[in-house]
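Chains, contacts and geometry: an overview
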Amino acid sequence: MIRTHEAGTLRAEHAGQTVTLAGWVAHRRDHGGVAFVDLREASGVVQVVVRDELLTGAAGDLRAEFCVKVVGEVRLRPAGNENPDLPTGAIEVDASEVEVLSASAPLPFPVDAHAEVGEEARLRWRYLDLRRDNARGLRIRHRATRTIRRVMDERGFVDVETPYLTRSTPEGARDFLVPVRLQPGHWYALPQSPQLFKQLLMVGGLERYYQIARCFRDEDFRADRQPDFTQLDLEMSFVDEEDVYEVGEAVFRAVWKDVLDIELPQPFRRLPFTECMDRFGSDKPDLRFGLELVELSSFFAGTEVRIFAGQPYVGAVVVPGAGSWTRKQLDGWNEWARGRGAKGLAYVLVEGDGSLRGGVLNALSDGERSGLAVAAGAAPGDGVFFAAGPRREAQDLLGAFRNAAAREIGAIPEGRWEFLWVTDMPMFEPDGDGGWTAVHHPFTAPAQDRVDDFDVDPADVPARAYDIVCNGMELASGSIRIHQADVQRRVFDVIGLTPEEARSKFGFLLEAFQYGPPPHGGLAPGIDRMAALLAGTESIRDVIAFPKTSSGGDPLTGAPTPITAQQRKDAGIDATPAGLTEPS
RNA sequence: GGUCCCGUAGUGCAGCCAGGAGUGCAUGCCGCCCUGUCAAGGCGGAGGUCGCGGGUUCAAAUCCCGUCGGGACCGCCA
């Protein structure tokens, strides 16, 4: 090693020792005659005192982010010059030798944790961005994955790698495609998840499989979405939901303990999907605050209010303090609701003296006026915000409003971790064309008491599917899979997949399932979101080494790039496959 | 596919609504001074295609249209 000590580890007990350090110049405070150089590397920062006579030659140009080697003696700082804000603040290193290992060009932005830098510049010089906070996000992510591997290993899971160059997997997103030079006109798809492979591994008798796997989905970006992202993919044979819950909780409990030293409750709460929707208007409810939905369908049954009359569902969220919101604020929420495709957000405000005001008030009958506050559970000073329409739609709107309003009124406590399982997720949902589509994926088993009749009326059939949700974020998703051929056939039938199409797309899996597939099920926690949550950041980009911008570009490498005519020819992109066999 | 915000010196921003010459602010950079600072300080200096294209106007960073790039959201995506 070039150095004998790590800069951030030096303490008063090292006083008198001669040490050799290597790192970067974080700051140079030059007083003429003597200069103070903050030497920074992964372990921390230490102050190096450099006399003028050493600042000759290359060392004389010492600037921020020069990479240097320093030989010097550790000594206690002169009385009164200690810096209690630094772990190394009691001492300093009196340099006898300064060597520039490599110089730094002037920086495109300050390498300083508290400087605000634009997203694009940070990504363009991501390596400098990483220096700013000592790659904190990546180090937290590492501690999480290290714990995950330990827990998986302790429980007998086998780490197996599955192909990235493969064929389409049934997750429902758009595929990334890769041309195949050896078979012009044919393309690999990058896997949206290792779903099919892990099921094949169960047929193969692995019994317990896991992988920290990259997944690829060609959909639009969000702050918590990248086109290539990472899942802890796991699958177990001979299990039911309880076994998967136990493992899932063990993983999250261990990670939260190791990374944050926080004990999560055991077991996690469980809420059936329909209860989540009824109470929170979301399939990933944030349980850190109340503001639960109130159903008013029966209260408004037979109402004359035009926007409520005849609607299958009327509900409300009661917001404390909203009774004093200004007209401008209320108009803003109306606009917010319209932005989500609703007609608006009707409201009634309860004044301090219990009297009501609000746009829909005039339309209410006397009985509705007098009973509303009690029915909705609203107190003086509260605002009651309504949505009406198809049950799911109206609840979605109220759920989104619940989150936004909680943020608005500061009702979301910091430092809380509200984990829960959302259970009994629906099996199918309307596909918009009068048919049905699988909510999770088409290998998810129906609830055990619906195996015989799930295809008679696919609406509201619960699946053996479950999510882990924390603070309003979906952190994991999984299910017990179908292992009987006839059930699988009937599921394909419901979602309108003909036997020919099924064979064409998943024939290899169906074939494998002819050979004694074990009952199995699994889970897939999202590593990026998990790490972001642990790091206390809103954006998963902070826990990804080289993230992409929202148009899928990487400003650092310049990817993606156009290809040359020759590359295009070699890749066989324009070739027509002999005998077109692809289903449309 | 849609909505919204942003684009001005290397970086972060003000100026734009209400048009009138880019001495704008902070930081960084360059030079000089300075022996106890710690996001050091003082003095001086350099640094700009106001993203790009078009339009309106006597005159555009500013108003209008288009386009590109970044960000957030809806749709999409578990």
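Note that the structure is predicted; figures quoted are calculated from it, not measured. Within each chain, residue numbers correspond to sequence positions counted from 1 in written order. For this description, chains carry letters from A and ligands carry numbers from 1, given in the order in which they are written. The predicted origin of the model limits local features to residues at a pLDDT of at least 70 and limits the giving and counting of side-chain atom pairs to 80 or more, whereas totals for whole chains, interfaces and linings rest on all residues. For side-chain calculations, the full set of non-hydrogen atoms in the structure is used, while hydrogens and water are omitted.

Turning our attention to the overall build of chain A. Helix and strand definitions here come from DSSP, where helices need a minimum of 4 consecutive H or I residues and strands a minimum of 2 consecutive E residues; each element is numbered from the N-terminal end. In terms of regular secondary structure, chain A is built from 13 helices and 22 strands. A burial count over chain A gives 47% of its 584 residues as buried. We call two residues in contact whenever any of their non-hydrogen atoms come within 4.5 Å of each other. Contacts in chain A between residues far apart in sequence, at least 24 positions, make up 67% of those at least 6 positions apart. In this description, accessible areas are obtained by the Shrake-Rupley approach with a 1.4 Å probe, and a residue is regarded as covered only by the protein chains that are shown. For chain A, the accessible surface area stands at approximately 28,400 Å², while carbon and sulfur atoms represent 49% of it. Here Asp and Glu are counted as negative and Lys and Arg as positive; His is not counted, and neither are the chain ends. Here the site of a charge means atom NZ of a Lys, CZ of an Arg, CG of an Asp or CD of a Glu. The positive charge centre, built from 64 side chains, and the negative charge centre, built from 88, are 3 Å apart in chain A. Note on exposure labels: buried denotes an accessible area under 20% of the residue type's maximum, exposed denotes more than 50%, and partly exposed covers the range between, all computed with a 1.4 Å probe on protein chains only.

Moving on to the protein's contact with RNA strand B. Residue proximity to a molecule or strand is established when one non-hydrogen atom of the residue lies within 4 Å of it. Neighbouring residues of RNA strand B: 48 residues in total, closest Asp 30, Arg 63, Glu 92, Glu 171 and Ser 550. Within 4 Å of the protein, the atoms of RNA strand B are drawn from sugar and phosphate moieties in a proportion of 55%. Taking Arg 63, its side chain carries an N or O atom lying 2.5 Å from a phosphate oxygen of RNA strand B. Between RNA strand B and Pro 108 there is a distance of 2.8 Å, counted from a sugar or linking oxygen to a backbone nitrogen or oxygen. If you list the elements that add at least two residues to the surface near RNA strand B, you get strand E1 (18-30), strand E2 (34-41), strand E3 (44-51), helix H1 (119-124) and strand E21 (473-480). Polar here means any residue outside two lists: the nonpolar Ala, Val, Leu, Ile, Met, Phe, Trp, Tyr, Cys and Pro, and the charged Asp, Glu, Lys and Arg; Gly therefore counts as polar. Its residues assigned to classes, the surface near RNA strand B shows 11 nonpolar, 15 polar and 22 charged. Identification of polar contacts relies on pairs of N or O atoms within 3.5 Å, with a donor-acceptor requirement for protein atoms, meaning one able to donate a hydrogen and the other able to accept it, and with residues adjacent in sequence counted only if both atoms are side-chain atoms.

Before going further, it helps to spend a moment on the sheet that holds E3. Two strands pair if DSSP finds at least two bridges between them. Strands sit in the order E1-E2-E3-E5-E4 around a closed barrel of 5 strands; the barrel is mixed. The sheet shows a mean angle of 55 degrees between the axes of neighbouring strands, direction not considered. Bridge count between E2 and E3: 8 bridges; the pairing is antiparallel. Its bridge partner being in E3, Leu 39 is matched across the sheet by Val 46. Lines are fitted to the C-alpha atoms to define the axes, a helix being fitted only along its stretch in contact, and any angle between axes, read from their N-to-C directions, falls within 0 to 180 degrees.

A separate point is the packing of helix H3 (residues 136-154) against helix H5 (residues 241-260). Following both chains from N to C, one finds H3 and H5 inclined at 135 degrees, their axes separated by 9 Å at the closest point. By the angle between their axes, H3 is oblique relative to H5. Here the hand of the crossing between H3 and H5 comes out right-handed. Where H3 abuts H5, its residues Ile 140, Arg 143, Ala 144, Thr 147, Ile 148, Arg 150, Val 151 and Met 152 lie against Val 247, Ala 250, Val 251, Ala 254, Val 255, Asp 258 and Val 259. For classification purposes, an angle smaller than 35 degrees is called roughly parallel, one larger than 145 roughly antiparallel, one from 65 to 115 roughly perpendicular, and anything else oblique. For any helix crossing, the convention is left-handed if the near helix is rotated counterclockwise from the far helix by under a right angle, and right-handed if that rotation is clockwise.

Now for the side chain of Gln 395. Relative to the elements of secondary structure, Gln 395 occurs in helix H9 (residues 391-408). Given a relative accessible area of 2%, Gln 395 falls into the buried group. Excluding residues that lie within four positions of it along the chain, Gln 395 makes contacts with Met 277, Asp 278, Gly 281, Leu 293 and Tyr 313.

The next point concerns empty space enclosed by the protein. Using a grid of 1 Å spacing that covers the protein atoms alone, one calls a set of points a cavity when a 1.4 Å probe fits there but cannot get out, and a pocket when the set is open and has protein on both sides within 12 Å along at least five of seven lines; lining residues are those with an atom within 4 Å of a point. Grid points are joined across faces, edges and corners, and a volume is the space filled by probe spheres set on the points. By the definition in use, this model includes 2 cavities of 30 Å³ or more. In terms of lining residues, the largest cavity is bounded by Pro 426, Met 427, Phe 428, Ala 438, His 440, His 441, Pro 442, Thr 444, Ala 463 and Val 491. Counted by class, the lining of the largest cavity contains 7 nonpolar, 3 polar and no charged residues. The wall of the second largest cavity is formed by Val 37, Leu 39, Val 48, Val 50, Leu 62, Val 68, Val 70 and Val 98. If you list the elements that add at least two residues to the lining of the second largest cavity, you get E2, E3 and strand E4 (67-76). When its residues are assigned to classes, the lining of the second largest cavity shows 8 nonpolar, no polar and no charged.

Turning next to the pattern of salt bridges. Throughout this description, the term salt bridge denotes a Lys or Arg side-chain nitrogen within 4 Å of a carboxyl oxygen of Asp or Glu. Enumeration according to the criterion identifies 41 salt bridges in this entry. A single salt-bridge network, built from bridges that share partners, covers Arg 122, Arg 126, Asp 129, Arg 132 and Asp 542.

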